Amino acid sequence: LSQLPGWSVRPDGSIVIATGNDDVLGVYTCTPYNSYGTAGESQPTRVLLKDPPAFTVRPKEEYFQEVGRDLVIPCAAHGDPPPAVTWVKVGGAGKSGAQVDGNSSLIFRPLVKEQHGVWECTATNQVASVTTATSVHVLGTSPHAVTNVSVLPLLLAANISWEPGFDGGYFQRFSVWYTPLVKHPPRAHHDWVSLSVPVGAQHLLVENLRPDMSYQFSVLAQNKLGSGPFSQIVTSVPRGFPVTTVPPEPPAMTMRVFLSPPRALTANETARGVLLQWEPPAQFSVALSGYALELRQDKGGWEVLDRSIPSTKTQVLVPGLIKDAFYEFRLVAFAGSYISDPSNTVNVSTAGMEVYPSRTQLPELLPQPVLAGVIGGICFLSVAVIFSTMAACIMNRRRATRIQKRRQGRSRLGWVQAP
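All values reported here derive from a predicted model rather than from experimental measurement. (Residues numbered from 1 in each chain as written. Predicted model: local features only at pLDDT ≥ 70, side-chain atom pairs only at ≥ 80, totals over all residues. Heavy atoms only, no water.)

(A) Representation of the overall build of the protein within the structure. Helix and strand counts for the protein come out as 1 helix and 29 strands. Counting only residues that meet the buried cut, the protein has 31% of its 419 residues in that class. When the accessible surface of the protein is totalled, it reaches about 27,000 Å², and 55% of it is carbon and sulfur. (Helix = DSSP H or I, 4+ residues; strand = E, 2+ residues; numbered from the N terminus. Buried < 20%, exposed > 50% of the residue type's maximum accessible area, 1.4 Å probe, protein only. Areas by Shrake-Rupley, 256 points an atom, 1.4 Å probe, with all protein chains shown as cover.)

What follows is the structure, given as structure tokens:
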């Protein structure tokens, strides 16, 4: 063994081979012995080299598909012996109604909302197991439940924060629901109070709570297709007024906000493209200079679509989107030398949409001066036609009168010459 690099014998008689290669192939026996001799060698054992699984076809990192449609995600691997390929939904039970075909591809037929999430493809044989993952985004559904709901107790208040779930491909809004916990409620079912959350926010301050009383909090997400499930319920107790005479600590200095982001960015499909609308920033120290529109396609990198939107505009039309794609839009504001943080992000799915001309423009059909000129030209042309018609009628009447007078004069001259 000393002549074989990487080979060694342990005190218990086991052989350790650091690197497996063709040199280790063969039949081995073990012979124990001591000062009295040996009782014979062991039964022979054969050493074989096998290959661990390796993926030959990997799924993409993300898939976007409309609910109710079919989706096929490929995954294949090879090894010695050939590995078994299995699929499982992370955090879910089994395959959630999905099926695997003979090529180890995951098939959704049809795709349902519950199949949204992360899926893992695992290849396993006697040597090892390897795993790869992909994310499935189901579009055209109500929102998914928010996660990581936390409650920060404050003085007669509570600050609720959360992480949004997938919006189903549409703009979503949130509302916070809360109710006090009493030992003997006056009715069989106590009422919940709901508070709307400002657009783009992921937290809300609930005020006017009673001290030393437990409250339950939950968050609900909604989009144009309906409401998602309520989040998990979190129980918290707001703080009451301090009983000590020690004066409270002065509040910490807050940084002045020179330019807050644009607010309430929304997206709506129109006959000419996707219409984005927003509200100006709530705070800015100098006059607004304008806006810049950013987008990214299918979770790619952010790109600037239009950096010269006037500060007086609060909407812009985006045509020219690729059909059957997934887009995200956001807006930043400019004020002097300041640039705001991005606004809330809106999602747009072009599945089933028409393809529009590839030029970003404001939603007005024509600028105001051009429109006024066109209307004025039409009015002037109409008046000219009317006057021309009247002049032609007058000239025709005068000509007819002259012809009639000439005929009358000739007839009288004939009567005088008759005798």
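(B) Spotlight on unusual backbone geometry. The step from D80 to P81 runs through a cis peptide bond, and the omega angle for that step is 5°. Topologically, P81 is positioned in the loop between β8 (76-80) and β9 (84-89). The omega torsion across R109 and P110 is -5°, close enough to zero to call that bond cis. Its place among the elements puts P110 in the loop between β11 (106-108) and β12 (117-124).

(C) Main features of the state of the cysteines. This structure, assessed with the given rule, holds 1 disulfide. Note on cysteine connectivity: C75 is disulfide-linked to C121, with sulfurs 2.0 Å apart. Judged by the sign of its S-S torsion, about -90°, the bond between C75 and C121 is left-handed. On the criterion of sequence distance, the pair formed by C75 in the loop between β7 (71-73) and β8 and C121 in strand β12 is long-range, its members being 46 residues apart. The exposure class assigned to C121 is buried, which follows from its relative accessible area of 0%. (Disulfide = S-S within 2.5 Å.)

(D) Highlighting the side chain of S231. Position of S231 among the secondary structure elements: in the loop between β20 (226-227) and β21 (234-236). Looking at S231, the relative accessible area reads 7%, which means it is buried. Among the polar contacts made by the side chain of S231, one reaches the main-chain amide nitrogen of V219 at a distance of 2.9 Å. Each residue touching S231, except ones within four places of it in the same chain, is listed here: V146, V149, S218 and V219. (Polar contact = N/O pair within 3.5 Å; in protein donor to acceptor, adjacent residues only side chain to side chain. Contact = heavy atoms within 4.5 Å.)

(E) Spotlight on the pattern of salt bridges. Counting across every chain of the model gives 5 salt bridges. Two residues, R263 and E279, come together in a salt bridge whose shortest N-O distance is 3.7 Å. Of this pair, R263 sits in strand β22 (residues 263-270) while E279 sits in strand β23 (residues 273-279), and the two are 16 residues apart along the sequence. Look at E279 and you get partly exposed, because its relative accessible area is 39%. Of the charged contacts, one joins E294 and R330 as a salt bridge, the two residues approaching to 2.6 Å between their closest N and O atoms. Of this pair, E294 sits in strand β24 (residues 290-297) while R330 sits in strand β27 (residues 326-335); the two residues are 36 residues apart in sequence, bridging distant segments of the chain. Like R330, E294 is buried. (Salt bridge = Lys/Arg side-chain N within 4 Å of Asp/Glu carboxyl O.)

(F) Molecular detail of the sheet that holds β22. Reading across from one edge, β22-β23-β26 is the order of the 3 strands in this open sheet, with antiparallel pairing throughout. Edge positions in the sheet fall to β22 and β26 (315-318), since each has one partner strand and no second. Here the strands of the sheet are splayed against their neighbours by 20° on average, with no regard to which way each runs. As paired elements, β22 and β23 share 6 bridges and run antiparallel to each other. Across the sheet, T270 pairs through a bridge with G273, a residue of β23. (Pairing = 2+ DSSP bridges. Axes fitted to C-alpha atoms, helices over the stretch in contact; angles between N-to-C directions.)

(G) Quick peek at the sheet that holds strand β14 (residues 147-154). Across the sheet, 3 strands lie side by side as β14-β15-β18; this open sheet has antiparallel pairing. Looking along the sheet, the strands with just one partner apiece sit at the ends: β14 and β18 (203-206). Averaged over all neighbouring strand pairs, the angle between strand axes comes to 15°, with direction disregarded. Judged from the 4 bridges that link them, strand β15 (residues 157-163) and β18 form a sheet pairing that is antiparallel. Each residue of the ladder has a partner; that of N159, found in β18, is L205.

In short, the description is geometric, and any link to function would need to be established separately.
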